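Observations on chain architecture
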Amino acid sequence: MTTSSTPGIVRFNTLAAEEAATVLHEVCASAAWGSLILAHRPYAGPEALLSASDAAMAELSAEDLAEAMAGHPPIGRPKPGDPASAREQRGMAGASEELRAEMLELNLAYQERFGHVFLICATGATGEQMRDAVKARTGNSPEQEREIVRAELGKINRIRLTRLVEDS
């Protein structure tokens, strides 16, 4: 575990609460998650922040998870003007029209089944890997899928928090 402070974590620790809340909302749309992260500032280092994120994810209710998922666009359709969304979904950038159409169809079927967008930590994944994941996960029970989504959100939050506190 890192115990030394880095400029990025110092910067995060010293943000005004309102500004830190705004920054955290960009990482994860769950207000409960953001509040839990804010409540434990200051952090000794990036690893302490990531551990706090993991602990906060474990505490989120189904409603909190739904709020977090609402901040994520469907795979293959990143939010216009959102560099994080585009960066994270880079694996779909070069996808064929056939794969894009298939992902749209799969996303809709998934959303109909579970009532929310298909969520996966897409960083580093190819379009085909994301397609295969949505196909495999559509057969899950809602309870199984909620815990997979919790884990995927946790991975996304870790990546985004790491970017947030990287040294300049």
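So, here is what we can say about the structure in this document. Since this is a predicted model, take the numbers as computed values, not measurements.

1. Overview of unusual backbone geometry
The residue after R41, namely P42, is reached through a cis peptide bond having omega 0 degrees. Considering the arrangement of structural elements, one finds P42 in the loop between α3 (31-39) and α4 (46-59).

2. Overview of the pattern of salt bridges
Pairs may arise between side chains of opposite charge once their charged atoms sit close together. Counted by the stated rule, this structure contains eight salt bridges. The shortest N-O distance in the salt bridge between E145 and R137 comes to 2.4 Å. Like E145, the residue R137 is buried in the burial classification. Between R150 and E147 there is a salt bridge; the shortest N-O distance is 2.9 Å. Here the residue R150 and the residue E147 both occupy positions in helix α9 (residues 142-165), the gap between them amounting to three residues, near one helical turn. Owing to a relative accessible area of 14%, R150 belongs among the buried residues under this scheme. A relative accessible area of 41% means that E147 is categorised as partly exposed.

3. Focus on helix α5 (residues 62-69)
Restricting attention to buried positions, one finds in α5 the residues D64, L65, A68 and M69. Each buried residue of α5 lies within a common arc of 140 degrees when the element is viewed along its axis, so the set occupies one face. Elements in contact with the buried residues of α5: α3, α4 and α9.

4. Re the packing of helix α2 (residues 17-27) against α9
It is at 9 Å that the axes of α2 and α9 come closest, and there the two elements cross at 135 degrees. In terms of their interaxial angle, α2 and α9 are classed as oblique. Facing α2, whose interface residues are V23, L24, E26 and V27, α9 presents N157, R160, L161 and L164. When the residues that make up the contact of α2 with α9 are grouped by side-chain class, the tally is five nonpolar, one polar and two charged.

Quick notes on the rules
- Residues numbered from 1 in each chain as written.
- Predicted model: local features only at pLDDT ≥ 70, side-chain atom pairs only at ≥ 80, totals over all residues.
- Heavy atoms only, no water.
- Helix = DSSP H or I, 4+ residues; strand = E, 2+ residues; numbered from the N terminus.
- Salt bridge = Lys/Arg side-chain N within 4 Å of Asp/Glu carboxyl O.
- Buried < 20%, exposed > 50% of the residue type's maximum accessible area, 1.4 Å probe, protein only.
- Arc of directions from axis to C-beta.
- Contact = heavy atoms within 4.5 Å.
- Axes fitted to C-alpha atoms, helices over the stretch in contact; angles between N-to-C directions.
- Parallel < 35°, antiparallel > 145°, perpendicular 65-115°, else oblique.
- Nonpolar A, V, L, I, M, F, W, Y, C, P; charged D, E, K, R; others polar.

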